[in-house]
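# A closer look at the structure
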Amino acid sequence: QQVISSCALDRLPSTLTMAPMKTMKASAKVMTKGALAEALAGEHEMKKTACAKIIDSLAEIATKEVKSAGKFVIPGVCMIKTRVKPARKAGKKMMFGKEVVVKAQPAKTVVKAFPVSTLKKS
């Protein structure tokens, strides 16, 4: 392969374009709350409305626990944690070799979900 110097790049025609990036394959549709309730109802011989209420209460409990304790675990699925991102001062920052002016941002709490290790391995 040839190495092109930076001055040789200036002489290249501007019509050259990069190859398009690969798009993600269209995966199966995401399961909705109603579909999840229906699947649970069929598996445990319950009514769909009862399963929907259970899903709602799980969401409420998870929200309350994450806000108070900062951590909530759904066994066998994931762990939801909060993390405090520190404030960012305004100033100049080097990004990709260019100096960029960055605005100040206040500290904020970010919610993250971590899958269980068995899900990662599968």
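Residues numbered from 1 in each chain as written. Predicted model: local features only at pLDDT ≥ 70, side-chain atom pairs only at ≥ 80, totals over all residues. Heavy atoms only, no water.

A word on the sheet that holds strand 5 (residues 108–115). Ordered by their spatial adjacency, three strands build an open sheet running 1-2-5, and the pairing between neighbours is antiparallel. Edge strands, defined here as strands with exactly one partner in the open sheet, are strand 1 (71–74) and strand 5. Each strand axis lies, on average, 20° off the axis of its neighbour in the sheet, ignoring direction. Together, strand 1 and strand 2 (78–85) form the strand contacts of helix 3 (residues 48–69), whose direction differs from that of strand 1 by roughly 145°. (Pairing = 2+ DSSP bridges. Helix = DSSP H or I, 4+ residues; strand = E, 2+ residues; numbered from the N terminus. Axes fitted to C-alpha atoms, helices over the stretch in contact; angles between N-to-C directions. Contact = heavy atoms within 4.5 Å.)

Under the criterion given, the structure shown has two salt bridges. Here Lys48 ties to Glu38 by a salt bridge, and the two come within 3.5 Å at their closest N and O atoms. Here Lys48 is found in helix 3, whereas its partner Glu38 is found in helix 2 (residues 33–44), with 10 residues between them in sequence. (Salt bridge = Lys/Arg side-chain N within 4 Å of Asp/Glu carboxyl O.)

All right, on to the pairing of strand 3 (residues 91–95) then. Bridge count between strand 3 and strand 4 (residues 98–102): five bridges; the pairing is antiparallel. The partner of Met95 across the bridge, within strand 4, is Lys98.

Here the focus is the confidence of the model for the protein. On average, residues of the protein score 84 in pLDDT, and 78% of them reach the 70 mark or higher. Mean pLDDT across the secondary structure elements of the protein bottoms out at helix 1 (residues 6–10), with 50, and peaks at helix 3, with 95. (pLDDT = per-residue confidence, 0-100.)

Turning next to a positive patch on the surface. Residues Arg83, Lys85, Arg88, Lys93, Lys108 and Lys112 make up a contiguous surface patch of positive charge. Put simply, the parts of the chain that give the positive patch at least two residues each are strand 2 and strand 5. Note that Lys93 resides in strand 3. Given the relative accessible area of 41%, Lys93 is considered partly exposed. (Patch = residues over 30% accessible without salt bridge, like charges linked within 9 Å, V, L, I, M, F, W, Y side chains within 5 Å. Areas by Shrake-Rupley, 256 points an atom, 1.4 Å probe, with all protein chains shown as cover. Lys, Arg positive; Asp, Glu negative; His and termini not counted. Charge placed at Lys NZ, Arg CZ, Asp CG, Glu CD. Buried < 20%, exposed > 50% of the residue type's maximum accessible area, 1.4 Å probe, protein only.)

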